[in-house]
Amino acid sequence: MRAREPDESGTVLRDGVEVAWEAFGTGPPTILLLPTWSVMPSRSWKAQVPFLARHARVVTFDGRGSGRSGRPVGRAAYRDAEFVGDAWAVLDATGTGEAALVGFSRGATWALVMAVEHPERVLGVVTIAPAVRPVAAHAERLRHPFLEPPASTEGWGKFTRSYWLDGDYDDFLRFFFAQVYPEPHSTKQVEDAIAWGHEIGPERLVDTEEARAVCPPPESLLDLTAVRAPVLVVHGDEDAVRPHAEGRALARATGGRLVTVRGAGHAPHIRHPVPLNHLLRDFTARVDAPAPARAGGPAGRAADRTAVERWPPAALVTATSRPRRALVLSSPIGLGHARRDLAVVRALRSHHPGLAVDWLAQEPVASVLRDAGERVHPASAWLASESAHMESEAGEHHLDAFAAIRAMDEILVANYMLFDDVVSEEHHDLVVADEAWDVDYFLHENPARKRFAFAWLTDFVGWLPMPEGGARQAELTADLNAEMIEHRARHRWLRDRSIFVGDPEDVVTDAFGPGLPGIREWTEANFDFAGFVTGFEPLAPAARSRLRARWGCGPDDPLCVVTVGGSGVGGDLLHRALDAVPVARRAVPGLRFLVVTGPRIDPASLPRRRGAKVVGYLPDLYRHLGAADVALVQGGLTTCMELTAQRVPFVYVPLRGHFEQNRHVRHRLERYGAGRCLPYEQACDPEVLAAALGTELGTRATWAPVETGGAARAAAMLAELV
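Since the structure is predicted, the reported quantities are computational estimates derived from the model, not experimental observations. (Residues numbered from 1 in each chain as written. Predicted model: local features only at pLDDT ≥ 70, side-chain atom pairs only at ≥ 80, totals over all residues. Heavy atoms only, no water.)

A word on the overall build of the protein
- Check the secondary structure of the protein and you find 26 helices and 22 strands.
- Over its C-alpha trace the protein gives a radius of gyration of 29 Å, about what one expects of a compact globule, namely 27 Å for 722 residues.
- Counting all 722 residues of the protein, 61% fall into the buried class.
- The long-range share in the protein, meaning contacts at least 24 apart out of those at least 6 apart in sequence, stands at 74%.
- Accessible area for the protein stands at about 26,900 Å²; split by element, carbon and sulfur atoms hold 51% of it.
- One finds the centroid of the 79 positive side-chain charges in the protein at a distance of 3 Å from the centroid of its 92 negative side-chain charges. (Helix = DSSP H or I, 4+ residues; strand = E, 2+ residues; numbered from the N terminus. Rg over C-alpha atoms; globule rule 2.2 N^0.38 Å. Buried < 20%, exposed > 50% of the residue type's maximum accessible area, 1.4 Å probe, protein only. Contact = heavy atoms within 4.5 Å. Areas by Shrake-Rupley, 256 points an atom, 1.4 Å probe, with all protein chains shown as cover. Lys, Arg positive; Asp, Glu negative; His and termini not counted. Charge placed at Lys NZ, Arg CZ, Asp CG, Glu CD.)

Below, the structure written as structure tokens:
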């Protein structure tokens with residue numbers, strides 16, 4: 001799922017080649033994000049588009065040979081002049097008079113040509129890792145001319161025509177993108193790029209490189225001093241594809257400004273999107289300013305000719321003389337986060353009665369908070385939906401949660417950038433992030449962006465592989481765990497509190513991965529433990545009787561509550577439960593079912609069964625769970641623990657492939673001795689499911705009690721930070 005869909009899209013036909021474009025947001029200014037080498041489509045700008053489109057109008061197009069654009073045959077179709085012509089055609093088709101141009105690698109060439117051809121239409125030029133060739137390439141590359149058979153297919157010998165066509169194209173892609181992303185923990189970026197490389201295939205990619213190797217560059221590149229627009233050059237000092245000296249030489253030749261990104265490879269905007277997004281926004285805002293405020297022509301930029309800026313800056317912004325405010329981020333993946341966060345915030349207000357609390361939250365959590373009388377920050381409307389993404393990744397009662405979160409990268413970048421805008425424009429003394437993975441990750445990547453006390457809450461630690469994920473998923477989870485451990489070791493000061501919602505025994509005893517520490521051992525050394533946060537008091541007998549009567553249950557009628565939480569992933573289990581209703585009612589006369597669909601599943605989409613009431617979202621679901629004699633649920637932690645705390649027997653059916661439900665939640669429930677785990681394959685048999693519910697219905701709650709006071713303990717930890 002994309003973080004932002006285009007507001008407009010179309011194609012332009014030029015010399016028989018269709019060029020697909022998209023436009024986002026409104027201007028001025030307009031920012032044209034040019035394509036790069038056709039091994040990557042315009043989707044490679046996915047970390048930039050949502051953020052920039054909130055501040056400007058953004059136009060992208062797939063370069064010929066990539067994405068949705070045509071794939072002409074022959075090197076002549078891929079000359080620099082053709083890409084430049086396509087860019088002008090797209091600007092004309094989108095009604096763009098003038099624009100700021102951003103070019104990555106080969107796209108930098110086309111941006112500079114455009115600035116010379118029509119300076120009146122170019123506000124400014126940003127080049128990222130420019131492949132303009134004012135200096136020689138890395139020496140190792142020069143030893144392997146593209147058109148000649150390589151003496152060796154090791155290293156850059158893979159970057160040759162014969163190896164692509166007659167050797168191992170996959171091996172080339174793996175090698176090349178390892179050079180593009182030399183930064184550790186770049187597995188997702190490399191995987192994306194390899195997949196894009198397969199879209200064009202070796203034959204057309206050969207055409208693109210032959211065009212560059214054989215066809216002369218445009219005449220306008222012979223004299224870079226002819227570029228009159230303001231120029232910003234961004235280059236990583238670990239670029240293994242184009243040397244950093246190339247960026248430095250380009251900045252000097254154009255009178256531009258050079259920003260060196262320390263530790264970055266060839267694609268800093270992809271691997272380090274936060275600082276690059278800010279650079280792009282600030283540059284385009286500056287060049288779009290009225291003429292007197294612009295830097296002017298080359299003479300006006302002379303002072304910047306050799307300037308080198310380093311990222312990140314060292315200064316932090318603080319404020320001490322404003323009313324105390326907190327910003328709370330509650331994960332939208334399940335509604336349990338909202339209930340526990342409300343409980344913690346209410347307890348926190350007892351320590352600081354005047355504390356103003358804003359919530360940055362998306363649906364369905366935002367509605368829960370509004371109903372509770374809380375202030376949902378207006379910027380929440382711009383958040384990209386994590387719940388919708390998870391639903392789009394799900395199959396029949398199946399959700400590979402690790403893969404789904406990993407595929408959510410562009411949504412996480414977009415939502416972090418929105419958060420960063422909020423905390424940059426408004427002062428908050430405390431930020432509380434309940435499993436807001438985007439904020440925690442990108443703050444550790446960009447610690448200078450921290451301007452507040454920061455508290456992290458979670459009820460599990462450690463990404464764990466599922467058996468069906470095989471060796472590859474085991475490698476990826478270990479890599480992500482290792483990155484997290486490194487983040488914490490490098491920036492221990494960044495989290496002012498790390499709070500685990502539970503007890504040490506609730507943490508799994510697995511290792512983070514080969515050669516990595518044990519998860520429980522590491523968590524005990526790095527977290528404080530609040531105990532579980534229920535956020536409610538168990539039902540009194542009179543209230544329980546009233547609720548049961550509401551659903552037509554007499555004193556002796558057993559009630560089964562079926563619920564799948566706040567996401568739309570559980571529809572399949574609801575269907576299986578309704579299939580089992582007639583069987584269960586024959587075995588247990590008088591048994592009634594209350595089937596709760598939640599906020600994202602339409603009750604009308606489910607079949608009707610005698611003895612079963614189907615309802616939508618219930619804001620006080622925990623009360624109805626407490627009124628049940630037995631329950632059928634997914635493996636979500638909050639719902640299972642609410643049943644455990646209220647001593648209601650239950651059957652839980654974890655989503656297949658969901659590491660948290662199958663490993664972390666199951667570990668915790670087994671520690672308490674609560675619930676019966678039933679695999680979905682067995683739950684699909686109405687007889688088996690009905691028998692499991694009947695067995696649990698007759699059991700006594702002998703499991704360990706759930707400790708109370710977690711909200712108060714968590715609030716006391718947070719109160720010290722305000």
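Re the side chain of D192
- With respect to the helices and strands, the residue D192 is situated in helix α7 (residues 187-214).
- On the accessibility criterion, D192 (16% relative accessible area) is buried.

Topic: the packing of aromatic side chains
- The tally for this structure, following the rule as stated, stands at 34 aromatic pairs.
- Seen from their ring centres, W164 and F172 are 4.6 Å apart, and the 40 degrees between their planes marks the pair as tilted.
- W164 gets classed as buried once you look at its relative accessible area, which sits at 2%.
- The class for F172 is buried, based on a relative accessible area of 0%.
- Taken together, the ring pairs connect W37, F146, W156, F159, W164, Y169, F172, F175, F176 and F177 into an aromatic cluster.
- Here the guanidinium or amino end of R141 rests over the ring plane of F159, the centre of that ring lying 4.8 Å away. (Phe/Tyr/Trp six-rings, centres within 6.5 Å; stacked < 30°, edge-to-face > 60°. Lys NZ or Arg CZ within 6 Å of the ring centre and 35° of its normal.)

Thoughts on the environment of W88
- As for its position among the elements, W88 is in helix α2 (residues 80-93).
- We classify W88 as buried; its relative accessible area is 9%.
- Measuring from C-alpha to C-alpha, the distance between W88 and R121 comes to 9.9 Å, with 33 residues separating the pair along the chain.
- Among residues more than four places away in sequence, those in contact with W88 are M114, E117, H118, R121 and V122.

Here's the deal with the sheet that holds strand β18 (residues 592-596)
- Read from one edge of the open sheet, six strands run β19-β18-β17-β20-β21-β22, paired in parallel fashion. The strands lining the two open edges of the sheet, one partner per strand, are β19 (612-615) and β22 (676-677).
- Contacting β17 (559-563), β18, β19 and β20 (630-633), helix α20 (residues 571-587) crosses the sheet at an angle of about 175 degrees to β18. (Pairing = 2+ DSSP bridges. Axes fitted to C-alpha atoms, helices over the stretch in contact; angles between N-to-C directions.)

Concerning the side chain of R548
- Tracing the backbone through its elements, the reader meets R548 in helix α19 (residues 541-550).
- With residues up to four places along the chain from it excluded, the contact list for R548 reads C553, G554, P555, D557, P558, L559, A627 and D629.

Observations regarding the pairing of strand β2 (residues 17-24)
- In terms of residue burial, β2 counts as a mostly covered element, since seven of its eight residues are buried.
- Bridging between strand β1 (residues 8-14) and β2 involves seven bridges; their strand directions are antiparallel. Bridged to S9 within β2 is E22.
- Counting the residues in the hairpin turn of β1 and β2 gives two residues, including D15, whose phi is positive at 50 degrees.
- Pairing of β2 with strand β4 (residues 57-61), which is carried by four bridges, proceeds in the antiparallel orientation. The residue of β4 that forms the bridge with F24 is V58.

Topic: the packing of helix α16 (residues 437-445) against helix α17 (residues 470-490)
- Contact geometry of α16 with α17 gives a least axis separation of 10 Å together with a crossing angle of 60 degrees. Here α17 runs oblique to α16, going by the angle between their axes. As for the relative orientation of α16 and α17, their crossing is left-handed in sense. Residues Y441, H444 and E445 of α16 lie in contact with α17, whose contacting residues are E483, H487 and R488.
- For the contact of α16 with α17, the residue count by class is one nonpolar, two polar and three charged. (Parallel < 35°, antiparallel > 145°, perpendicular 65-115°, else oblique. Left-handed = near helix turned anticlockwise from the far one by under 90°. Nonpolar A, V, L, I, M, F, W, Y, C, P; charged D, E, K, R; others polar.)

Details of the nonpolar core
- Formed by 109 residues in total, the largest nonpolar core has its most connected members in F172, F177 and F419.
- Counting residues per element, this core draws most heavily on helix α15 (residues 409-425), at 10 residues. (Core = buried A, V, L, I, M, F, W, Y, C linked by side-chain atoms within 4.5 Å.)

Observations regarding the sheet that holds strand β14 (residues 453-458)
- The strand order across the open sheet built from seven strands is β12-β11-β10-β13-β14-β15-β16, with neighbouring strands paired in parallel fashion. Looking at strand neighbours, the two that pair on one side only are β12 (375-376) and β16 (528-529), the edges of this open sheet.
- In this sheet, strand β13 (residues 430-434) lies alongside strand β10 (residues 325-330) in parallel orientation, the contact comprising five bridges. Pairing of S330 across the sheet is with D434, part of β13.
- The sheet strands contacting α15 are β10, β11 (356-360) and β13, and the helix crosses β10 at an angle near 175 degrees.

A word on the confidence of the model for the protein
- In the predicted model, the protein carries a mean pLDDT of 92, and 94% of its residues have values of at least 70.
- Below a pLDDT of 50 lies the segment residues 292-320, which in the model reaches 47 contacts outside its immediate sequence neighbourhood of four places, other chains included. (pLDDT = per-residue confidence, 0-100.)

A look at the pattern of salt bridges
- Taken as a whole and judged by the stated rule, the model has 59 salt bridges.
- When the shortest N-O distance is used, the salt bridge between R663 and D510 registers 2.5 Å. Of the two residues, R663 sits in helix α23 (residues 659-672) while D510 sits in the loop between β15 (497-500) and α18 (519-526), which places them 153 residues apart along the sequence.
- Across the salt bridge formed by D579 and R576, the nearest N and O atoms sit 3.5 Å from each other. Remark: R576 and D579 occur in helix α20; sequence separation between them is three residues, near one turn of the helix. (Salt bridge = Lys/Arg side-chain N within 4 Å of Asp/Glu carboxyl O.)

Thoughts on α17
- Counted at 1.5 Å a residue, the expected span for α17 with its 21 residues is 30 Å, and the 31 Å between its end C-alpha atoms agrees.
- Of all the positions in α17, only Q473, L476, T477, A478, N481, A482, E483, M484, I485, H487 and R488 are classed as buried.
- In this fold, the buried residues of α17 make contact with α7, α9 (268-271), α14 (401-406), α16, β15 and α18. (Expected span 1.5 Å × (residues − 1).)

Some thoughts on α19
- Listed as buried for α19 are A543, L547 and R548. Projected down its long axis, α19 shows its buried positions confined to an angular sector of 135 degrees, all on one face. In α19, the exposed positions that point more than 90 degrees away from the buried face belong to P541 and R546.
- Elements that come into contact with the buried residues of α19 comprise β17 and α21 (621-626). (Arc of directions from axis to C-beta.)

Regarding the packing of helix α6 (residues 169-180) against α7
- Following both chains from N to C, one finds α6 and α7 inclined at 135 degrees, their axes separated by 10 Å at the closest point. Relative to α7, the element α6 lies oblique. The chirality of how α6 crosses α7 is right-handed. Each of Y169, D170, F172, L173, R174 and F177 in α6 lies in contact with α7, whose residues at this interface are V190, A193, I194, G197, H198, I200, G201, P202 and L205.

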